[in-house]
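# Survey of secondary and tertiary structure
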Amino acid sequence: MSAKRRSSGTRTGKSTKKERRDRSTAINPDLEDAALRSALADAWRRRERYSHGSLQLDCEPFPHCKISHFIHDESSARGLQNELLQLHFNSKSNDLYKFQQSDDLKIIKEPHISEIRSVIFGQFRAWLSEVIGVDLEPTVDISCAKYEHTDVLLCHDDELEGRRVAFILYLVPAWEMCDGGTLDLYSTDEHQQPVGVMKSLLPCWNTLMFFEVSPVSFHQVSEVIAEGKCRLSMSGWFHGPSLPRPARYIEPALACHTHIPRDEAVLSEWVNETYLQPLYQAQVQQEFESSSEIRLPNFLQEEKFKQVSDALRLAEIQWERRGPPNKRCYASAELQSVPACLKECWEFLSSEPLFLLLSNLTGLSLHYLAVRDESDSESGDGEEDGGHGAGGPGTSRTALAEKKDKGPPTCVGELRRWAHGDYTLLHDSTKREFALDLLLHLGCTGWKPEFGGFTSYIAHDEDEEEGEELLTVYPEDNSLALVYRDKETLKFVKHINHRSIQTDHTAYYDFSFTYYE
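Residues numbered from 1 in each chain as written. Predicted model: local features only at pLDDT ≥ 70, side-chain atom pairs only at ≥ 80, totals over all residues. Heavy atoms only, no water.

## Side note on the packing of helix 2 (residues 34–46) against helix 4 (residues 111–132)
It is the contact of helix 2 with helix 4, at a shortest axis distance of 7 Å, that shows an interaxial angle of 50°. Considering the angle they form, helix 2 stands oblique to helix 4. Judged by residue contacts, Arg-37, Leu-40, Ala-41 and Trp-44 of helix 2 engage Trp-127, Glu-130, Val-131 and Ile-132 from helix 4. (Axes fitted to C-alpha atoms, helices over the stretch in contact; angles between N-to-C directions. Helix = DSSP H or I, 4+ residues; strand = E, 2+ residues; numbered from the N terminus. Parallel < 35°, antiparallel > 145°, perpendicular 65-115°, else oblique. Contact = heavy atoms within 4.5 Å.)

Below is the structure:
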């Protein structure tokens, strides 16, 4: 910006307007203090805590800094807030988040937005480069986000090629911890995996937070609990050379096992007799083969369903939290602690007769006695590129070839409890596989879709952030869901939000099994 020339006479309206515009772009004068900037840079380099005036730096669990009163002029901050609230926002929802986001702010021409963008891209970027000792690129990502009641952004590290520093400018009303919406920073373990929230930072009016993007910069925006409040912010990333990333940690998988030998009488003991009739099984199989999924209501015998449901509420069950939180968060039962009828149910779902029943219901080769018309699947019939995953019928020749010579059918299962705050996420180490998923929901009377907790199946697309939704399985008491997925089909359980605790049923349960041909 060129320097303005002083005038000894009365200023024109035009020059007065320009002067007001220049004042509105000013940011906190502490950032212009060379001594303070040098001290902050030294603390950043040493990874030490530093605080002076409106600047607060902390390096645990990873380097992050708060700048209070970022925009020097209060009226400019209010003007920026008003302009942002007038923007068009797009609803964003997938496994990781639910909130509203504006279009790219680089194309917005509103005056206050343009001014703060110019400051962040120019003056603040130069200041930040000096503080962290990194030559940041001119390219800056920037957008606006609104988080309202039940909105959330779950645990992630922000790492993407070129991102070096993340920033958030909060333009929120008076905010308290009980409102939720905090910026939570996670500690990590020896494998650089997130463990738990180490620090929760409250969003404050006209405060800018920035932190280093690294392999351990795991953080989240906790669910907004407050009703009628809007957590408004501008946020984005400065780009520069990425920090070295270690080899990805591969966590141990749950152990698979072959079927448990049981007498076929176990089926009549546990299963609604409707599903044991050969003609009905053939009808189910035909429907399943056309859509790769089916719901079987009232699957368990009524007496068994009641026994299992009652046992799930017993205090003697030991529930273990399953993580890490960048992949999953729910409770899994320790089988050694469960009442006898729950253990029997788990064994029934692992039993040889159940493998055979699933074969007859789906047409999959889960038992050597299963009747399967190989001519249909091997002939192709125009399904060469189809796949037999959720949302698409048919089994390609490639799929059949990949599934040969893999040994006997196997399964892996869990008994899970789902409550407020629980979820699963898609992640880079998700195993791509052909598999049959079984979900048997229990204790979910009165559960509503707006609570979350439903299982979404999506078609994987690396170019699409949210993926194409193929199927949603909602919790429904004593309903058995069967879904066959291929290597391009992924699944997640949607975050369970605060609305769920406002009912008599604050948790539900499921037996989750996966079967392999």
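From this point, things continue past the structure.
## A word on the packing of aromatic side chains
Tallied over the entire structure, the rule returns 21 aromatic pairs. Ring geometry for Phe-124 and Trp-127: centres 5.5 Å apart, planes at 20°, overall stacked. Of the two residues, Phe-124 and Trp-127 are both situated in helix 4; the distance of three residues between them amounts to about one turn of the helix. In terms of burial, Phe-124 and Trp-127 fall into one category: buried. Connected via pairs of aromatic rings, a cluster forms that spans Trp-44, Phe-70, Phe-124, Trp-127, Phe-167, Phe-210 and Phe-238. The ring centre of Phe-89 lies 4.5 Å from the NZ or CZ of Lys-146, which sits over that ring. (Phe/Tyr/Trp six-rings, centres within 6.5 Å; stacked < 30°, edge-to-face > 60°. Buried < 20%, exposed > 50% of the residue type's maximum accessible area, 1.4 Å probe, protein only. Lys NZ or Arg CZ within 6 Å of the ring centre and 35° of its normal.)

## Comments concerning the layout of surface pockets
Any space left empty among the atoms is revealed by the rolling of a water-sized probe across them. Taken as a whole, the second largest pocket holds about 1,000 Å³ of empty space. Forming the walls of the second largest pocket are 35 residues, and the residues nearest its centre are Leu-254, Arg-322, Arg-328, His-427 and Glu-433. Listed by contribution, the elements that provide at least two residues to the lining of the second largest pocket are strand 16 (328–333), strand 17 (410–419), strand 20 (455–459), strand 23 (489–493) and strand 24 (507–516). Among the elements that line the lining of the second largest pocket, the one with the most residues is strand 23, at five residues. In the lining of the second largest pocket, the residues fall into 15 nonpolar, 10 polar and 10 charged. (1 Å grid on protein atoms, 1.4 Å probe; cavity = no way out; pocket = protein on both sides within 12 Å on 5 of 7 lines; lining within 4 Å. Points joined across faces, edges and corners; volume = space filled by probe spheres on them. Nonpolar A, V, L, I, M, F, W, Y, C, P; charged D, E, K, R; others polar.)

## Comments concerning the packing of helix 7 (residues 302–312) against helix 8 (residues 340–349)
Between helix 7 and helix 8, the shortest axis-to-axis distance is 8 Å and the interhelical angle comes to 120°. Judged on the interaxial angle alone, helix 8 and helix 7 are oblique. Crossing handedness for the pair helix 7 and helix 8: left-handed. Within the contact between the two elements, helix 7 uses Lys-304, Gln-307, Val-308, Ala-311 and Leu-312 and helix 8 uses Cys-341, Leu-342, Glu-344 and Cys-345. (Left-handed = near helix turned anticlockwise from the far one by under 90°.)

## Digging into the side chain of Glu-212
Structurally, Glu-212 is set in strand 11 (residues 207–212). You can call Glu-212 buried: its relative accessible area is 8%. At 3.1 Å, the side chain of Glu-212 forms a polar contact with the side chain of Arg-47. What Glu-212 contacts, discounting residues up to four positions off in sequence, is Trp-44, Arg-47, Phe-62, Pro-63, Arg-164, Ser-217 and Leu-243. (Polar contact = N/O pair within 3.5 Å; in protein donor to acceptor, adjacent residues only side chain to side chain.)

## Quick look at the sheet that holds strand 23
Spatially, the three strands line up as an open sheet ordered 21-20-23, and their pairing is antiparallel. In this open sheet, the two strands that pair with only one neighbour each are strand 21 (468–473) and strand 23. Going from strand to strand, the sheet's axes swing by 25° on average, the running direction of each strand aside. Note: strand 20 against strand 23, five bridges, orientation antiparallel. Considered in strand 23, the bridge of Thr-455 is made with Val-493. (Pairing = 2+ DSSP bridges.)

## Concerning the nonpolar core
If you look at the biggest cluster of nonpolar residues, it comprises 48 residues, and the most contacted ones within it are Leu-342, Phe-348, Phe-511 and Tyr-515. Broken down by element, this core gets its largest block of residues, six residues, from helix 8. Ignoring any residue separated from it by four or fewer positions in sequence, one finds Leu-342 in contact with Val-308, Ala-311, Leu-312, Ile-317, Leu-415 and Phe-511. (Core = buried A, V, L, I, M, F, W, Y, C linked by side-chain atoms within 4.5 Å.)

## Here's the deal with the pattern of salt bridges
Scanning the entire structure with this criterion turns up 24 salt bridges. Among the ionic pairs, Arg-245 bridges to Asp-157, the shortest N-O distance being 3.4 Å. Pair noted here: Arg-245 is in the loop between strand 13 (231–239) and helix 5 (265–270) and Asp-157 is in the loop between strand 7 (152–156) and strand 8 (163–170), with a separation of 88 residues, a long-range link. With a relative accessible area of 52%, Arg-245 lands in the exposed category. (Salt bridge = Lys/Arg side-chain N within 4 Å of Asp/Glu carboxyl O.)

## Some thoughts on the environment of Met-198
Considering the arrangement of structural elements, one finds Met-198 in strand 10 (residues 194–201). The class for Met-198 is partly exposed, based on a relative accessible area of 46%. Sequence spacing of Met-198 and Asp-184 is 14 residues, and the spatial spacing of their C-alpha atoms is 7.4 Å. In this structure Met-198 touches Glu-60, Pro-61, Leu-185, Tyr-186 and Ser-187, once residues within four positions along its chain are discounted.

## Regarding helix 3 (residues 74–85)
Given a rise of 1.5 Å per residue, 12 residues ought to cover 16 Å, and the 17 Å separating the end C-alpha atoms of helix 3 matches this to within 8%. Those residues of helix 3 not exposed but buried are Ser-76, Ala-77, Gly-79, Leu-80, Gln-81, Glu-83 and Leu-84. (Expected span 1.5 Å × (residues − 1).)

## Overview of unusual backbone geometry
Most peptide bonds take the trans configuration, and most residues that are not glycine carry a negative phi. Across the junction of Glu-60 and Pro-61, the peptide omega takes the value 5°, indicating a cis bond. Along the chain, the position of Pro-61 falls in the loop between strand 2 (55–58) and strand 3 (64–67). Residue Pro-324 is bonded to the preceding Gly-323 through a cis peptide linkage, with omega at 0°. Position of Pro-324 among the secondary structure elements: in the loop between strand 15 (319–322) and strand 16. Within the chain, Asp-158 stands out as a residue other than glycine whose phi angle is a positive 70°. Within the secondary structure, Asp-158 sits in the loop between strand 7 and strand 8.

## What to know about the confidence of the model for the chain
In this model, the chain carries an average pLDDT of 89, and 87% of its residues clear a pLDDT of 70 or more. Residue range residues 1–24 is modelled with pLDDT below 50. Its contacts to residues more than four positions away, or to other chains, number 12 contacts. Below pLDDT 50 for its whole length, residues 375–388 participates in 28 contacts with residues either more than four positions away or in separate chains. (pLDDT = per-residue confidence, 0-100.)

## Some thoughts on the pairing of strand 14 (residues 293–296)
Burial along strand 14 is one-sided: Ile-294 and Leu-296 are buried, and none of Glu-293 and Arg-295, which face the opposite way, are. Relative to strand 22 (residues 480–485), strand 14 runs antiparallel, the two being bridged by four bridges. Paired with Ile-294 across the two strands is Leu-482, which belongs to strand 22.

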